[in-house]
Amino acid sequence: MSQPALAPRNAFVGVLVVWAVAFLAAIAVGIFVAEEWRVPWLLVAFGGVVLLSFAVQLRYGRTEGFIFRVGGSALGALLLMGVISVGFGLAALVA
């Protein structure tokens, strides 16, 4: 017999964690990787973030809204990493 959850965890916290990891990964790639290797490493970092979003939402343990939460995590991470990479691209053009 399963026990109902008295205080279920907030699913949006998992989305924010994935976005924070995407932010830190994009900044780290922009700082530590040479300009000609940034795009491939950003793709690798985004792949890791997508896998992290699946892992975080599976850890949450609720089936309702799973696809919506994973999609929101991945799409937000993609947009965040894209904006940061545009910033690093413009900084490379100015320098």
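Below or above, wherever it landed, is the structure these notes cover.

Rules and cut-offs
Residues numbered from 1 in each chain as written. Predicted model: local features only at pLDDT ≥ 70, side-chain atom pairs only at ≥ 80, totals over all residues. Heavy atoms only, no water. Core = buried A, V, L, I, M, F, W, Y, C linked by side-chain atoms within 4.5 Å. Buried < 20%, exposed > 50% of the residue type's maximum accessible area, 1.4 Å probe, protein only. Helix = DSSP H or I, 4+ residues; strand = E, 2+ residues; numbered from the N terminus. Axes fitted to C-alpha atoms, helices over the stretch in contact; angles between N-to-C directions. Parallel < 35°, antiparallel > 145°, perpendicular 65-115°, else oblique. Left-handed = near helix turned anticlockwise from the far one by under 90°. Contact = heavy atoms within 4.5 Å. Nonpolar A, V, L, I, M, F, W, Y, C, P; charged D, E, K, R; others polar. Salt bridge = Lys/Arg side-chain N within 4 Å of Asp/Glu carboxyl O.

1. Comments concerning the nonpolar core
Side chains of a nonpolar character, in soluble globular proteins, are inclined to be buried together. Among the nonpolar cores identified, the biggest contains 12 residues, and these are V18, A22, A25, A26, V29, V33, L42, A45, V49, A77, M81 and I84. Of all the secondary-structure elements, those providing two or more residues to this core are α1 (11–32), α2 (38–60) and α3 (66–94).

2. Some words on the packing of α1 against α3
Relative to each other, α1 and α3 sit at 25 degrees, their axes nearing to 9 Å. Between α1 and α3, the crossing angle belongs to the class labelled roughly parallel. Once α1 is placed against α3, the crossing between them reads as right-handed. Residues A11, V15, V18, W19, A22, F23, A26, I27, G30 and I31 of α1 lie in contact with α3, whose contacting residues are R69, G72, S73, G76, A77, L80, M81, I84 and F88. The residue makeup of the contact of α1 with α3, split by class, is 14 nonpolar, four polar and one charged.

3. Considerations on the pattern of salt bridges
The tally for this structure, following the rule as stated, stands at one salt bridge. Close ionic contact of R62 with E64 constitutes a salt bridge, the shortest N to O distance being 3.3 Å.

By themselves, these are just geometric observations and shouldn't be taken as functional.
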